[in-house]
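# An overview of the molecular structure
What follows is each chain in one-letter form.
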Amino acid sequence: MVTLAEVARHAGVSASTVSYVLSGKRPISAVTRRRVTASIEQLGYQPHAGARALASSRSRIIALMVPLRTDMYVPVMLEIAVAVATTARAHGYDVLLLTGEEGPSALRRVTGSGLAEAVILMDVQLDDGRLPVLRTAGPPAVLVGLPADPAGLNCVDLDFRAAGALCVDHLAGLGHREIAVIGESPGVYARHTGFAERTLGGLRSRAAEREVRMLHRPCEGSHDAVAGVLARILDERPRVSAFVVQNETAVEPLLALLRRTGRAVPEDVSVVAVCADQIAAQASVPLTSVAIPAQELGRRAVERLIARLTGRPDGEGAAGVELLTPVLTVRDSSGPPPPPRTPGA
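A short tour of the structure in this document, coming up. Because the structure is predicted, anything quoted here is derived from the model rather than measured. Residue numbers run consecutively from 1 along every chain, following the written order of its sequence. In keeping with the model being predicted, local features are shown solely for residues with a pLDDT of at least 70 and side-chain atom pairs are shown and tallied solely at 80 or more, while totals for entire chains, interfaces and linings include all residues. Working from all heavy atoms in the structure, the side-chain values ignore hydrogens and water.

Helix numbers and strand numbers start at the N terminus; a helix is a DSSP run of H or I with at least 4 residues, a strand a run of E with at least 2. Each helix should span, by expectation, one fewer than its residue count multiplied by 1.5 Å. Given a rise of 1.5 Å per residue, 14 residues ought to cover 20 Å, and the 20 Å separating the end C-alpha atoms of helix α11 (residues 223-236) matches this to within 8%. Residue exposure (1.4 Å probe, protein chains only): buried if accessible area is under 20% of the type maximum, exposed if over 50%, otherwise partly exposed. Taken together, the buried positions of α11 are occupied by Val226, Val229, Leu230, Ile233 and Leu234. Across the axial projection of α11, the buried residues extend over an arc of 130°, all falling on one side. Pointing more than 90 degrees away from the buried face of α11 are the exposed residues Asp224 and Asp235. Should any heavy atoms of two residues lie within 4.5 Å, those residues are counted as being in contact. Taken together, the buried residues of α11 touch β6 (178-182), β7 (213-217), β8 (242-245) and α12 (251-260). This arc is taken over the directions from the axis of the helix to the C-beta atoms.

It is worth spelling out the sheet that holds strand β5 (residues 154-158) at this point. When DSSP finds two or more bridges between two strands, those strands count as paired. Read across the open sheet, the six strands follow the order β2-β1-β3-β4-β5-β11; overall the sheet is parallel. Pairing within the sheet leaves two strands with one partner each, and these edge strands are β2 (94-98) and β11 (320-324). Across the sheet, the mean angle from the axis of one strand to that of its neighbour is 20°, orientation sign disregarded. Summarising the sheet, strand β1 (residues 61-65) and strand β3 (residues 118-121) pair through four bridges and their orientation is parallel. Across the sheet, residue Met65 finds its bridge partner in β3, namely Leu121. Working convention: axes come from line fits to C-alpha atoms, limited for helices to the stretch in contact. Angles between N-to-C directions cover 0 to 180 degrees.

Stacked, edge-to-face and tilted labels apply to pairs of Phe, Tyr and Trp rings (six-membered ring for Trp) whose centres lie within 6.5 Å, assigned for plane angles under 30 degrees, over 60, and everything in between, in that order. Tallied over the full model, the rule gives one aromatic pair. For the pair Phe160 and Phe195, a centre-to-centre distance of 5.6 Å together with 50° between the ring planes defines the contact as tilted. Note that Phe160 is positioned in helix α8 (residues 160-174) and Phe195 in helix α10 (residues 194-209), a separation of 35 residues in sequence. Like Phe195, Phe160 is buried. Placement of a positive charge over a ring is assigned whenever Lys NZ or Arg CZ falls within 6 Å of the ring centre and within 35 degrees of the normal to the ring plane. Taking the ring centre of Tyr93 as reference, the NZ or CZ of Arg60 above it sits at 4.3 Å.

So, about the side chain of Gln125. As for its placement among the helices and strands, Gln125 is situated in the loop between β3 and α7 (131-137). Residue contacts for Gln125: discarding those within four places in its chain leaves Arg69, Pro147, Arg191, His192, Thr193 and Gly194.

The next thing to look at is the sheet that holds strand β10 (residues 288-291). One open sheet accounts for six strands, arranged β7-β6-β8-β9-β10-β12; its pairing is mixed. The open sheet is flanked by β7 and β12 (328-329), the only strands paired with a single partner. When β6 meets β7, the two strands line up parallel, connected through five bridges. Note that in β7 the partner of Ile179 across the bridge is Met214. Where α8 meets the sheet, its contacts fall on β6, β8, β9 (270-275), β10 and β12, and the angle it forms with β9 comes to roughly 165°.

Now for the packing of helix α5 (residues 74-90) against helix α14 (residues 294-310). In a packed pair of helices, the relevant descriptors are the angle between the two axes and the axis-to-axis distance. As a packed pair, α5 and α14 sit with axes 7 Å apart at the nearest point and diverge in direction by 40°. Classified by the angle their axes make, α5 and α14 are oblique. Here α5 and α14 pass one another in a crossing that is right-handed. Residues Val76, Glu79, Ile80, Ala83, Val84, Thr87 and Ala88 of α5 form the contact with α14, whose own contacting residues are Ala294, Gln295, Leu297, Gly298, Arg299, Val302 and Glu303. Working definition: roughly parallel below 35 degrees, roughly antiparallel above 145 degrees, roughly perpendicular at 65 to 115 degrees, and oblique for all remaining angles. Left-handed describes a crossing whose near helix is turned anticlockwise from the far helix by less than a right angle; the clockwise case is right-handed.

The next point concerns the nonpolar core. Formed by 49 residues in total, the largest nonpolar core has its most connected members in Ile80, Ile120, Val144 and Ile179. Filtering out sequence-adjacent residues up to four positions away, Ile80 remains in contact with Met122, Val144, Ala294, Leu297 and Gly298. Core analysis: the next-biggest nonpolar cluster, separate from the first, contains 27 residues, Leu234, Ala250, Val265 and Val271 among them. We call a set of buried Ala, Val, Leu, Ile, Met, Phe, Trp, Tyr and Cys residues a nonpolar core when their side-chain atoms join them within 4.5 Å.

This next bit is on the pattern of salt bridges. A pair is scored as a salt bridge if a Lys or Arg side-chain nitrogen falls within 4 Å of a carboxyl oxygen belonging to Asp or Glu. Within the structure shown, the criterion is met by 15 salt bridges. With a closest N to O distance of 2.4 Å, Asp157 and Arg198 form a salt bridge. With Asp157 in strand β5 and Arg198 in helix α10, the pair connects residues that are 41 residues apart, well separated along the chain. On the accessibility criterion, Asp157 (5% relative accessible area) is buried. For Arg198, a relative accessible area of 12% puts it in the buried group. Notably, a salt bridge pairs Arg206 with Glu209, separated by 3.0 Å at the nearest N-O pair. Of this pair, Arg206 and Glu209 both sit in helix α10, separated by three residues, roughly a single helical turn. Of the residues examined, Arg206 reaches a relative accessible area of 23% and is grouped as partly exposed. Taking the relative accessible area as the measure of exposure, Glu209 reaches 56% and is therefore exposed. Beyond isolated ion pairs, a larger network of salt bridges with shared partners links Asp169, Arg206, Glu209 and Arg210.

Now the structure itself:
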(Lines give C-alpha, C1' and ligand atoms only; values in the text may rest on other atoms or scores of the structure.)
Protein backbone atom coordinates (compact mmCIF):
# COMPACT_ATOMS: atom_id res chain seq x y z
CA MET A 1 0.00 0.00 0.00
CA VAL A 2 1.36 3.43 -0.97
CA THR A 3 2.16 5.69 1.98
CA LEU A 4 1.94 9.45 2.37
CA ALA A 5 5.76 9.59 2.64
CA GLU A 6 6.11 7.86 -0.74
CA VAL A 7 3.75 10.41 -2.31
CA ALA A 8 5.87 13.22 -0.79
CA ARG A 9 9.11 11.76 -2.23
CA HIS A 10 7.51 11.26 -5.64
CA ALA A 11 6.23 14.85 -5.70
CA GLY A 12 9.46 16.29 -4.25
CA VAL A 13 7.72 17.92 -1.29
CA SER A 14 7.49 17.33 2.43
CA ALA A 15 4.98 14.94 3.98
CA SER A 16 3.29 17.88 5.71
CA THR A 17 2.70 19.55 2.33
CA VAL A 18 0.92 16.43 1.06
CA SER A 19 -1.15 16.43 4.24
CA TYR A 20 -2.11 20.08 3.74
CA VAL A 21 -3.12 19.40 0.14
CA LEU A 22 -5.38 16.58 1.31
CA SER A 23 -6.90 18.42 4.26
CA GLY A 24 -7.06 21.92 2.80
CA LYS A 25 -5.99 23.31 6.18
CA ARG A 26 -3.32 25.62 4.73
CA PRO A 27 -3.00 27.42 1.41
CA ILE A 28 -0.75 25.61 -1.06
CA SER A 29 0.36 27.07 -4.38
CA ALA A 30 -1.47 25.86 -7.45
CA VAL A 31 1.75 24.47 -8.95
CA THR A 32 2.57 22.42 -5.84
CA ARG A 33 -1.04 21.25 -5.49
CA ARG A 34 -1.05 20.00 -9.07
CA ARG A 35 2.25 18.18 -8.56
CA VAL A 36 1.00 16.47 -5.38
CA THR A 37 -2.32 15.58 -6.99
CA ALA A 38 -0.54 14.07 -9.99
CA SER A 39 1.63 11.94 -7.69
CA ILE A 40 -1.41 10.75 -5.77
CA GLU A 41 -3.11 9.67 -9.00
CA GLN A 42 0.02 8.03 -10.46
CA LEU A 43 0.80 6.07 -7.32
CA GLY A 44 -2.82 5.23 -6.53
CA TYR A 45 -2.60 6.60 -3.01
CA GLN A 46 -5.71 6.20 -0.82
CA PRO A 47 -5.70 8.24 2.40
CA HIS A 48 -6.49 6.24 5.54
CA ALA A 49 -10.06 7.15 6.45
CA GLY A 50 -9.45 7.29 10.20
CA ALA A 51 -6.30 9.36 9.87
CA ARG A 52 -7.95 11.69 7.40
CA ALA A 53 -10.86 12.21 9.77
CA LEU A 54 -8.52 13.02 12.65
CA ALA A 55 -6.51 15.41 10.55
CA SER A 56 -9.43 17.28 9.07
CA SER A 57 -12.09 16.80 11.78
CA ARG A 58 -14.30 15.45 8.99
CA SER A 59 -15.25 11.81 8.60
CA ARG A 60 -16.96 12.23 5.21
CA ILE A 61 -19.64 9.88 6.52
CA ILE A 62 -23.37 10.62 6.47
CA ALA A 63 -25.52 8.74 8.96
CA LEU A 64 -28.87 7.66 7.51
CA MET A 65 -31.46 6.94 10.21
CA VAL A 66 -34.14 4.72 8.70
CA PRO A 67 -35.97 2.56 11.26
CA LEU A 68 -37.15 -0.57 9.43
CA ARG A 69 -40.47 -1.15 11.15
CA THR A 70 -42.68 -4.13 10.40
CA ASP A 71 -45.70 -1.90 9.75
CA MET A 72 -43.97 0.15 7.03
CA TYR A 73 -43.48 -0.79 3.38
CA VAL A 74 -39.74 -1.46 3.48
CA PRO A 75 -39.01 -1.52 -0.31
CA VAL A 76 -39.83 2.19 -0.65
CA MET A 77 -37.66 3.01 2.37
CA LEU A 78 -34.78 1.03 0.89
CA GLU A 79 -35.21 2.70 -2.51
CA ILE A 80 -34.74 6.07 -0.80
CA ALA A 81 -31.75 4.70 1.10
CA VAL A 82 -30.08 3.42 -2.09
CA ALA A 83 -30.57 6.82 -3.74
CA VAL A 84 -29.00 8.47 -0.68
CA ALA A 85 -25.99 6.15 -0.79
CA THR A 86 -25.48 6.53 -4.55
CA THR A 87 -25.72 10.33 -4.49
CA ALA A 88 -23.51 10.61 -1.41
CA ARG A 89 -20.84 8.46 -3.04
CA ALA A 90 -20.87 10.74 -6.08
CA HIS A 91 -19.96 13.59 -3.72
CA GLY A 92 -17.19 11.60 -2.00
CA TYR A 93 -19.22 10.61 1.09
CA ASP A 94 -20.02 7.20 2.52
CA VAL A 95 -23.26 6.32 4.30
CA LEU A 96 -23.69 4.71 7.71
CA LEU A 97 -27.10 3.01 7.81
CA LEU A 98 -28.88 3.00 11.18
CA THR A 99 -31.95 0.76 11.04
CA GLY A 100 -32.84 0.46 14.73
CA GLU A 101 -35.54 2.31 16.65
CA GLU A 102 -33.29 3.93 19.28
CA GLY A 103 -34.26 7.43 18.19
CA PRO A 104 -32.58 10.29 20.08
CA SER A 105 -30.02 8.05 21.82
CA ALA A 106 -28.70 6.73 18.50
CA LEU A 107 -28.48 10.25 17.13
CA ARG A 108 -26.48 11.42 20.15
CA ARG A 109 -24.19 8.38 20.00
CA VAL A 110 -23.31 8.67 16.33
CA THR A 111 -22.84 12.42 16.22
CA GLY A 112 -21.21 12.69 19.64
CA SER A 113 -18.55 10.17 18.68
CA GLY A 114 -17.66 12.08 15.52
CA LEU A 115 -18.35 8.98 13.47
CA ALA A 116 -20.67 10.92 11.14
CA GLU A 117 -20.43 14.59 10.27
CA ALA A 118 -24.01 14.87 9.01
CA VAL A 119 -27.32 13.06 9.30
CA ILE A 120 -30.36 12.28 7.15
CA LEU A 121 -33.50 11.29 9.06
CA MET A 122 -36.33 9.20 7.62
CA ASP A 123 -39.65 7.97 9.04
CA VAL A 124 -40.28 11.43 10.48
CA GLN A 125 -43.15 11.80 12.93
CA LEU A 126 -45.14 14.97 13.54
CA ASP A 127 -43.65 15.31 17.03
CA ASP A 128 -40.40 13.42 16.41
CA GLY A 129 -38.28 12.75 19.48
CA ARG A 130 -35.06 13.21 17.50
CA LEU A 131 -35.76 16.85 16.66
CA PRO A 132 -34.80 18.41 20.02
CA VAL A 133 -31.33 16.86 19.61
CA LEU A 134 -30.96 18.43 16.17
CA ARG A 135 -32.19 21.82 17.36
CA THR A 136 -29.85 22.06 20.34
CA ALA A 137 -26.44 20.72 19.43
CA GLY A 138 -27.08 18.52 16.46
CA PRO A 139 -24.97 18.09 13.32
CA PRO A 140 -25.98 19.32 9.86
CA ALA A 141 -29.10 17.35 8.99
CA VAL A 142 -31.84 16.90 6.44
CA LEU A 143 -35.20 15.27 7.11
CA VAL A 144 -36.92 13.15 4.49
CA GLY A 145 -40.29 14.01 5.93
CA LEU A 146 -42.08 16.94 7.50
CA PRO A 147 -42.76 17.35 11.24
CA ALA A 148 -45.56 19.47 12.65
CA ASP A 149 -43.13 22.32 13.32
CA PRO A 150 -40.34 22.44 10.71
CA ALA A 151 -38.97 25.80 11.89
CA GLY A 152 -35.18 25.87 11.64
CA LEU A 153 -35.03 22.44 10.00
CA ASN A 154 -33.97 21.34 6.52
CA CYS A 155 -36.71 19.12 5.08
CA VAL A 156 -37.60 17.50 1.77
CA ASP A 157 -40.65 15.37 1.07
CA LEU A 158 -43.51 14.72 -1.29
CA ASP A 159 -46.39 17.12 -0.65
CA PHE A 160 -48.57 14.36 0.80
CA ARG A 161 -51.35 16.77 1.74
CA ALA A 162 -51.60 17.80 -1.90
CA ALA A 163 -51.42 14.11 -2.90
CA GLY A 164 -54.49 13.33 -0.82
CA ALA A 165 -56.35 16.30 -2.27
CA LEU A 166 -55.39 15.21 -5.78
CA CYS A 167 -56.98 11.79 -5.24
CA VAL A 168 -60.25 13.37 -4.07
CA ASP A 169 -60.28 15.83 -6.97
CA HIS A 170 -59.84 13.00 -9.46
CA LEU A 171 -62.66 10.91 -8.02
CA ALA A 172 -64.99 13.85 -7.47
CA GLY A 173 -64.37 14.93 -11.05
CA LEU A 174 -65.55 11.51 -12.20
CA GLY A 175 -68.74 11.92 -10.19
CA HIS A 176 -68.03 9.91 -7.01
CA ARG A 177 -69.82 11.22 -3.92
CA GLU A 178 -68.88 8.53 -1.37
CA ILE A 179 -65.33 7.24 -0.98
CA ALA A 180 -63.50 5.07 1.52
CA VAL A 181 -59.81 5.35 2.42
CA ILE A 182 -57.88 2.20 3.31
CA GLY A 183 -54.88 3.55 5.14
CA GLU A 184 -51.63 2.42 6.68
CA SER A 185 -51.41 0.08 9.65
CA PRO A 186 -52.85 1.43 12.93
CA GLY A 187 -49.35 1.77 14.40
CA VAL A 188 -48.36 4.26 11.72
CA TYR A 189 -51.16 6.60 12.83
CA ALA A 190 -50.52 5.88 16.51
CA ARG A 191 -46.96 7.23 16.04
CA HIS A 192 -48.38 10.21 14.11
CA THR A 193 -46.07 9.47 11.20
CA GLY A 194 -45.93 12.60 9.08
CA PHE A 195 -46.63 11.30 5.58
CA ALA A 196 -49.71 9.30 6.64
CA GLU A 197 -51.18 12.09 8.75
CA ARG A 198 -50.66 14.70 6.04
CA THR A 199 -52.19 12.51 3.33
CA LEU A 200 -55.22 11.96 5.53
CA GLY A 201 -55.46 15.68 6.23
CA GLY A 202 -55.42 16.45 2.51
CA LEU A 203 -58.07 13.82 1.81
CA ARG A 204 -60.39 15.09 4.53
CA SER A 205 -60.11 18.79 3.77
CA ARG A 206 -60.60 18.35 0.02
CA ALA A 207 -63.48 15.91 0.55
CA ALA A 208 -65.22 18.54 2.67
CA GLU A 209 -64.62 21.18 -0.01
CA ARG A 210 -65.97 18.94 -2.78
CA GLU A 211 -68.89 17.69 -0.64
CA VAL A 212 -67.69 14.12 -0.89
CA ARG A 213 -68.56 11.79 1.97
CA MET A 214 -65.41 10.05 3.18
CA LEU A 215 -64.63 7.19 5.53
CA HIS A 216 -61.09 6.30 6.69
CA ARG A 217 -60.02 2.96 8.10
CA PRO A 218 -56.43 1.98 9.03
CA CYS A 219 -55.52 -1.50 7.88
CA GLU A 220 -52.85 -4.13 8.31
CA GLY A 221 -51.64 -5.51 5.00
CA SER A 222 -52.65 -9.15 5.32
CA HIS A 223 -55.48 -10.68 3.28
CA ASP A 224 -57.56 -11.36 6.41
CA ALA A 225 -57.06 -7.81 7.70
CA VAL A 226 -58.09 -6.27 4.37
CA ALA A 227 -61.11 -8.59 4.20
CA GLY A 228 -62.22 -7.46 7.64
CA VAL A 229 -61.79 -3.77 6.86
CA LEU A 230 -63.56 -4.08 3.50
CA ALA A 231 -66.51 -5.89 5.06
CA ARG A 232 -66.77 -3.21 7.73
CA ILE A 233 -66.66 -0.40 5.15
CA LEU A 234 -69.33 -1.97 2.94
CA ASP A 235 -71.52 -2.58 5.98
CA GLU A 236 -71.17 1.00 7.23
CA ARG A 237 -71.21 2.72 3.83
CA PRO A 238 -72.91 0.46 1.26
CA ARG A 239 -72.98 3.30 -1.30
CA VAL A 240 -69.20 3.69 -1.42
CA SER A 241 -68.21 3.80 -5.08
CA ALA A 242 -64.46 4.43 -4.81
CA PHE A 243 -61.48 3.53 -2.64
CA VAL A 244 -58.26 5.44 -1.99
CA VAL A 245 -55.50 3.12 -0.79
CA GLN A 246 -52.36 4.27 1.00
CA ASN A 247 -50.97 0.89 1.93
CA GLU A 248 -48.93 -1.02 -0.66
CA THR A 249 -49.43 -4.42 0.93
CA ALA A 250 -53.22 -3.99 0.91
CA VAL A 251 -53.48 -3.34 -2.85
CA GLU A 252 -53.66 -6.89 -4.21
CA PRO A 253 -55.81 -8.30 -1.37
CA LEU A 254 -58.30 -5.46 -1.96
CA LEU A 255 -58.49 -6.07 -5.72
CA ALA A 256 -58.92 -9.83 -5.17
CA LEU A 257 -61.65 -9.31 -2.58
CA LEU A 258 -63.54 -6.87 -4.79
CA ARG A 259 -63.49 -9.46 -7.59
CA ARG A 260 -64.67 -12.14 -5.22
CA THR A 261 -67.64 -10.03 -4.10
CA GLY A 262 -68.66 -9.40 -7.70
CA ARG A 263 -67.46 -5.79 -7.88
CA ALA A 264 -65.64 -5.06 -11.13
CA VAL A 265 -62.91 -2.39 -11.21
CA PRO A 266 -63.59 0.25 -12.47
CA GLU A 267 -67.14 -0.50 -13.72
CA ASP A 268 -68.60 -1.02 -10.23
CA VAL A 269 -66.00 0.59 -8.03
CA SER A 270 -62.91 2.74 -8.60
CA VAL A 271 -59.57 2.34 -6.84
CA VAL A 272 -56.90 5.04 -6.57
CA ALA A 273 -53.61 4.53 -4.72
CA VAL A 274 -50.84 6.58 -3.17
CA CYS A 275 -47.97 4.16 -3.62
CA ALA A 276 -44.80 3.22 -5.45
CA ASP A 277 -45.26 3.49 -9.21
CA GLN A 278 -44.15 -0.12 -9.73
CA ILE A 279 -46.88 -1.40 -7.42
CA ALA A 280 -49.55 0.60 -9.26
CA ALA A 281 -48.41 -0.26 -12.77
CA GLN A 282 -48.02 -3.99 -12.08
CA ALA A 283 -51.23 -4.52 -10.09
CA SER A 284 -53.75 -7.05 -11.39
CA VAL A 285 -55.74 -3.99 -12.46
CA PRO A 286 -53.23 -1.21 -13.25
CA LEU A 287 -53.99 1.46 -10.69
CA THR A 288 -54.58 5.16 -11.09
CA SER A 289 -52.07 6.47 -8.57
CA VAL A 290 -49.98 9.21 -7.07
CA ALA A 291 -46.40 7.95 -7.15
CA ILE A 292 -43.91 8.11 -4.29
CA PRO A 293 -40.76 9.66 -5.87
CA ALA A 294 -38.38 7.63 -3.70
CA GLN A 295 -35.22 8.12 -5.76
CA GLU A 296 -35.81 11.84 -6.13
CA LEU A 297 -36.35 12.21 -2.38
CA GLY A 298 -33.08 10.44 -1.62
CA ARG A 299 -31.17 12.46 -4.17
CA ARG A 300 -32.60 15.80 -3.06
CA ALA A 301 -31.89 15.03 0.59
CA VAL A 302 -28.20 14.50 -0.15
CA GLU A 303 -27.96 17.53 -2.43
CA ARG A 304 -29.42 19.75 0.28
CA LEU A 305 -27.05 18.28 2.86
CA ILE A 306 -23.96 18.70 0.67
CA ALA A 307 -24.97 22.31 0.03
CA ARG A 308 -25.08 22.84 3.79
CA LEU A 309 -21.73 21.14 4.39
CA THR A 310 -19.95 23.04 1.64
CA GLY A 311 -21.60 26.37 2.36
CA ARG A 312 -22.81 26.83 -1.19
CA PRO A 313 -24.02 30.36 -1.83
CA ASP A 314 -27.18 29.33 -3.70
CA GLY A 315 -29.14 28.95 -0.47
CA GLU A 316 -30.00 25.31 -1.13
CA GLY A 317 -28.34 24.23 2.10
CA ALA A 318 -30.24 26.71 4.24
CA ALA A 319 -32.97 25.55 6.60
CA GLY A 320 -36.32 25.30 4.89
CA VAL A 321 -38.90 22.96 3.44
CA GLU A 322 -38.90 21.57 -0.10
CA LEU A 323 -42.10 19.75 -1.04
CA LEU A 324 -42.17 17.85 -4.34
CA THR A 325 -45.34 18.33 -6.36
CA PRO A 326 -47.42 15.14 -6.56
CA VAL A 327 -48.42 13.76 -9.95
CA LEU A 328 -51.47 11.57 -10.51
CA THR A 329 -51.23 9.01 -13.32
CA VAL A 330 -54.54 7.73 -14.66
CA ARG A 331 -54.61 4.01 -15.43
CA ASP A 332 -57.34 1.38 -15.65
CA SER A 333 -58.75 1.41 -12.12
CA SER A 334 -60.79 4.62 -12.06
CA GLY A 335 -63.93 5.64 -13.89
CA PRO A 336 -67.37 7.12 -13.30
CA PRO A 337 -69.54 5.57 -10.58
CA PRO A 338 -72.15 3.07 -11.71
CA PRO A 339 -75.65 4.47 -12.33
CA PRO A 340 -78.06 4.16 -9.41
CA ARG A 341 -79.98 0.92 -9.37
CA THR A 342 -83.66 1.22 -10.14
CA PRO A 343 -86.10 -0.46 -7.74
CA GLY A 344 -86.60 -4.09 -8.62
CA ALA A 345 -83.52 -4.19 -10.88
